[in-house]
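So the chains spell out like this:
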Amino acid sequence: AKDEGKNKYQIFSPTMNISMYKKFTLQNDLRKAVQEKNIFLLYQPRIDSKSNKIVGAEALARWKHPEWGIVSPEEFITLAEESGLINTLGEQLLYMACAQNKKWQDQGYDSIKISVNFSALQFLQVNIVDTVENILAATGLEPKWLEIEITETVVMENEANIALKLEQLREMGISIAIDDFGTGYSSLSYLKTLKPSTVKIDRSFIQQIPIDIENTEIATAIIKLSEKLKIDVVAEGVETSEQYAYLRKIHCNEMQGYLFSKPIASEEFERILKIGK
Ligand code: C2E
Ligand code: CA
Ligand code: CA
Ligand code: CA
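Residue numbers restart at each chain and count upward from 1, following the sequence in its written direction. Written order determines the labels here, with chains lettered from A and ligands numbered from 1. Where totals are concerned, whole chains, interfaces and linings use all residues; where local detail is concerned, this predicted model gives features only for residues with pLDDT of at least 70, and gives and counts side-chain atom pairs only at 80 or more. Side-chain numbers here rest on the full set of heavy atoms in the structure, without hydrogens or water.

Engineer: Got a minute to help me understand the site of ligand 1 in this structure?
Structural biologist: When we say a residue is near a molecule or strand, we mean one of its heavy atoms is within 4 Å of it. Around ligand 1, the structure places 22 residues, and the nearest of them are Arg62, Asp179, Arg203, Glu239 and Tyr258. Between alanine 61 and ligand 1, the recorded distance is 3.1 Å, taken from a backbone N or O atom to a nitrogen atom. In protein, a polar contact requires one atom able to donate a hydrogen and another able to accept it; more generally it is a pair of N or O atoms within 3.5 Å, and residues adjacent in sequence count only if both atoms are side-chain atoms. Tyrosine 258 is positioned such that a nitrogen or oxygen atom in its backbone is 2.8 Å from an oxygen atom of ligand 1. Areas reported here follow the Shrake-Rupley algorithm with a probe of radius 1.4 Å; residue values treat only the protein chains shown as occluding. The fraction of the free accessible surface of ligand 1 (810 Å²) that becomes covered by protein chains is 84%.

Engineer: Hey, could you run me through the nonpolar core in this one?
Structural biologist: Nonpolar side chains tend toward joint burial in soluble globular proteins. Put simply, a nonpolar core is a bunch of buried Ala, Val, Leu, Ile, Met, Phe, Trp, Tyr and Cys residues held in one set by side-chain atoms that sit within 4.5 Å of each other. Burial classification: accessible surface area is computed with a 1.4 Å probe over protein chains only, and a residue below 20% of its type maximum counts as buried, one above 50% as exposed, and the rest as partly exposed. Counting residues in each nonpolar core, the largest one holds 71 residues, and the members touching the most others are Ile39, Val132, Leu146, Ile148 and Leu247. Looking at this core element by element, the count peaks at 7 residues for helix α4 (residues 86-106). Note on definitions: a residue-residue contact is assigned when non-hydrogen atoms from the two residues lie within 4.5 Å. With near-sequence residues (within four places) excluded, isoleucine 39 lies in contact with Leu30, Ala33, Val34, Ala61, Arg62, Trp63, Phe76, Leu89, Leu93 and Met96. Every helix listed is a DSSP run of H or I at least four residues long, and every strand listed is a run of E at least two residues long, numbered separately from the N terminus.

Engineer: Even after reading the chapter, I still don't get the coordination of the calcium ion (ligand 4), so can you show me in this structure?
Structural biologist: Six octahedral donors around a metal ideally make angles of 90 or 180 degrees; four tetrahedral donors ideally make 109.5 degrees. Bound to the calcium ion (ligand 4) are the protein donor atoms Asp180 (OD) and Asp180 (OD), situated 2.8 to 3.2 Å from the metal. Between the two metal centres, the calcium ion (ligand 4) and the calcium ion (ligand 3), the spacing is 4.0 Å, with aspartate 180 acting as a shared donor. Examined against the element boundaries, aspartate 180 turns out to sit in strand β6 (residues 175-181). Atoms are scored as donors when they are N, O or S and lie within 2.8 Å of the metal, with 3.2 Å used for Na, K and Ca; no water is included, so coordination may look incomplete.

Right under this line is the structure:
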């Protein structure tokens, strides 16, 4: 309650008025961008630690705003949630990601899994499972080549309801990944209730491995536990060859990070898919 008082005071400061104006303008622009489909996806490869092959791609949204330039998804996803646009936007992005993955398969590249981030609010829709099923049918992508990434905060709100929907998606053959693993409230209990196929160890635990002792122990424990529970582990934010070598040594299944590639456009992704073959 104390913090609330602080925030209320800040709302009326002059600088906040400018950012509120910017936010208001952005919300209108975002509505237009969603309508006109001006939000696009970049793709970041996921690498299998044993074979060093690309086995997946995470689809990451970008918005090129005519005046403000590239707006970070951290900013516009929140904006989309606040303005009720997230469901429409989420569907558009899921469609784009599935269509792109199907296109790569049709072009003859080795099949990879496409990972798509979902917001908490998308899971509150009653018909979310049907929506996903329809998009797969429309794009022709087989469910086993789709993974849905959710964060732990997504689940907190409405655990039983979301667990049920995740189970229906899993029964269709879609993979479920818990994103930013370890940063939420009850990470370990979610391994049991949500039965994910994948956990993605949050970047904060991957930093400075193996120099940082706490991070190294935490990552090792997550990997060991996941192995016992038959859950795949992806390390996020792998930036150095030291991290790579160590994570490989402790049998982390997959890695993702700037060491391999930043998120890139689909045309550029095709070039590395070719090399991977
Ligand atoms: P996330 O799902 O945890 O995505 C990983 C973020 O880490 C991405 O930021 C990626 O560019 C960045 N990253 C990848 N490798 C490295 C690395 O080696 N070092 C560092 N420092 N960063 C790395 P990005 O693309 O800015 O996305 C930020 C967040 O926005 C995502 O975090 C996700 O929560 C959200 N987001 C992005 N696209 C979507 C979307 O289509 N739908 C929803 N609901 N959320 C999205
Ligand atoms: Ca993610
Ligand atoms: Ca993450
Ligand atoms: Ca994140």
